[in-house]
Amino acid sequence: MPPRLEELAIDANGEEVRRASEWIAAVLHDRAVPGPVADKVVLCLNEVLANVITHGGPSARAAPIRLMLEVGSGEDGPRASVTVSDAGRAFDPTTVPQAPLPKSLDEAVPGGRGLRIIRRCSDWLGYRHEGGLNHLTFGARWPAQSRAAAHFHRGADRREAMGSWPQERRERERRGDAFQWITLFRDADPQELEETLADCEVLTLPAGTPLLRQGEANRSVFILLSGQLVAQLSQDANPDTAIAIAPGECIGELSAIDGKPISALVHAVTDARVLQLSRDVFWERLMLLRGVAKNLMTTLTERMRRSNTAALAVQRERLELKHLRKELDVARQLQASMLPMQRPLFPGRTDVEVCGFMEPASKVGGDLFDAFFVDSRTLFICIGDVSGHGIAAALFMVRVIGLLRTLAMDTMHPERVLETLNDRLCIGNDTNLFVTLFCGFLDVVDGRFVYANGGHCVPMVCTAQGARRLALPRGTLVGAASGRQYLRMECTLAIGETLFCYSDGVTEAQDAAGLEWSEEGCREWLSRGATGELPALLDSLYERVVDHTSSKILADDCTMLAVRRLLPNP
């Protein structure tokens, strides 16, 4: 181990003493100093600093305390040496006679144990006073050992490196049985095992670092010592399908066995330490040790069982997803069957033409429209947009449609329809959904149209001369809060005029730059084909929206309803 000098300056207070302890512990850990040796060095440092702060006087507390740590190999083996320099009053602890231990509690006095701890825990103690500073040096030695064993001992003896390893395992490793907790090494002779692993590397992997990449060649077997690794098919795979690798488990043994490319990505979820075994060491030396081959077979069997379990879980998830897609297709068909999709809606009538269109953004949507005669001459129409998308919005839409059909048959006052609908939708609305809604009653004989609005888009009236906005009464969202009142307005729809209603999925459709098609764009397009056949008009509008977004998959449901008065046949 080449010598390395590390330095730190601290202020003379308790908080800085703690920082110094953490600093020296981290350096000793990084330099692979065995856990018991590192603990003794840290304990000595704490006692030395406490003595300086407590007994060094004002001069010690007025100037920084400098720490120098050197870890390396000397003639007597590996060693860690610490020098503490302070500006306190001169004090040579090596010349202070050691006080005898008290024979009873009556003879015991508080304090005075720091020097005894320092002398007991350090392998040497030196002092010099130079340049007006005290320089106290102490340290510890430990027997030389293999590089892998040093890492094992350091991880086993230091609590912070062990994480949640069982207490029984910690105590066993403190007795020197540093390798036996790993399943692969469980029955091997500790001395033979340590000699086999003498030249193996211990890798430190920060969180997020890949250990093995899919498709790459691999000539090593790895054993996780601490931290957490996971194996998954790729970096973008569902995290729920990742296979966790626990400390003590092997990684890469299959590719090391058959020489084929790695089949999965293995990366660190937390900071991890991994023992790397070359292919030659693994097969030519490790497999010859007692019990290792049998343990490897047991490990591979357990790994295969876990992989099979994970594969079955993925298969079940795919089957459930396939079944859900079938159910969504059925839901879409049922939803479509509730809306009047025939084009035109009333082919037997010559006094009015009605046509609707809906394309949901997902399998099922929240938009709605409806049109039906409440008597021989009065047509009820409505169009709405439920908040959100998907199944929840679709179920809410079904509820709205059912209530509207009942309410429209009870009264021909559109404002009362909205008021009653609003109050009923607020009952049991735990999902806090709401709907924007426009509805009205059209007398197809004289063209009188009475309507009300609940926060929906402004319809347009199209003539041969162009398209204009319909004047709207104010009205709040339907289903958001009970007790709301709505207003009504009326107008006359002349022969040949078309009332065009739509949802915001039409006018708010955006292109790649985020530019909406807009109400103005819709109005201009309507003006070009206002007198054309209604099915063709709605289809061309939808195609224009798709062209604007450059995508067949829209971000919002696209719904339209057109009503045109005709001159009845004599």
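Residues numbered from 1 in each chain as written. Predicted model: local features only at pLDDT ≥ 70, side-chain atom pairs only at ≥ 80, totals over all residues. Heavy atoms only, no water.

Among the secondary structure elements, Ser 503 is positioned in the loop between strand 22 (498–502) and helix 14 (504–507). In contact with Ser 503, not counting residues within four places along its chain, are Asp 367, Ile 383, His 456, Cys 457, Asp 557, Cys 558 and Thr 559. (Helix = DSSP H or I, 4+ residues; strand = E, 2+ residues; numbered from the N terminus. Contact = heavy atoms within 4.5 Å.)

Let us now look at helix 16 (residues 534–549). With 16 residues, helix 16 extends 23 Å between its outermost C-alpha atoms, agreeing within 8% with the 22 Å of an ideal straight helix rising 1.5 Å per residue. What helix 16 keeps buried is the set Leu 534, Leu 537, Leu 538, Leu 541, Tyr 542, Val 545, Val 546, His 548 and Thr 549. Buried residues in helix 16 make contact with strand 14 (352–359), strand 22, helix 14, helix 15 (518–528) and strand 23 (558–565). (Expected span 1.5 Å × (residues − 1). Buried < 20%, exposed > 50% of the residue type's maximum accessible area, 1.4 Å probe, protein only.)

Scanning the entire structure with this criterion turns up 9 aromatic pairs. Centre to centre, the rings of Phe 438 and Tyr 451 are 5.7 Å apart; their planes meet at 40°, and the pair counts as tilted. One end of the pair, Phe 438, is in strand 17 (residues 435–443); the other, Tyr 451, is in strand 18 (residues 448–454), and 13 residues separate them in sequence. By relative accessible area, Phe 438 is classed as buried at 0%. Ring centres of Phe 449 and Tyr 451 lie 5.2 Å apart, and the angle between their planes is 25°; on these two criteria the pair is classed as stacked. Of the two residues, Phe 449 and Tyr 451, both sit in the buried class. Taken together, the ring pairs in this structure connect Phe 372, Phe 380 and Phe 441 into an aromatic cluster. Directly above the aromatic system of Trp 124 lies the positively charged group of Arg 79, at a separation of 4.1 Å from the ring centroid. Sitting over the face of the ring of Phe 373, Arg 349 holds its NZ or CZ atom 4.0 Å from the ring centroid. (Phe/Tyr/Trp six-rings, centres within 6.5 Å; stacked < 30°, edge-to-face > 60°. Lys NZ or Arg CZ within 6 Å of the ring centre and 35° of its normal.)

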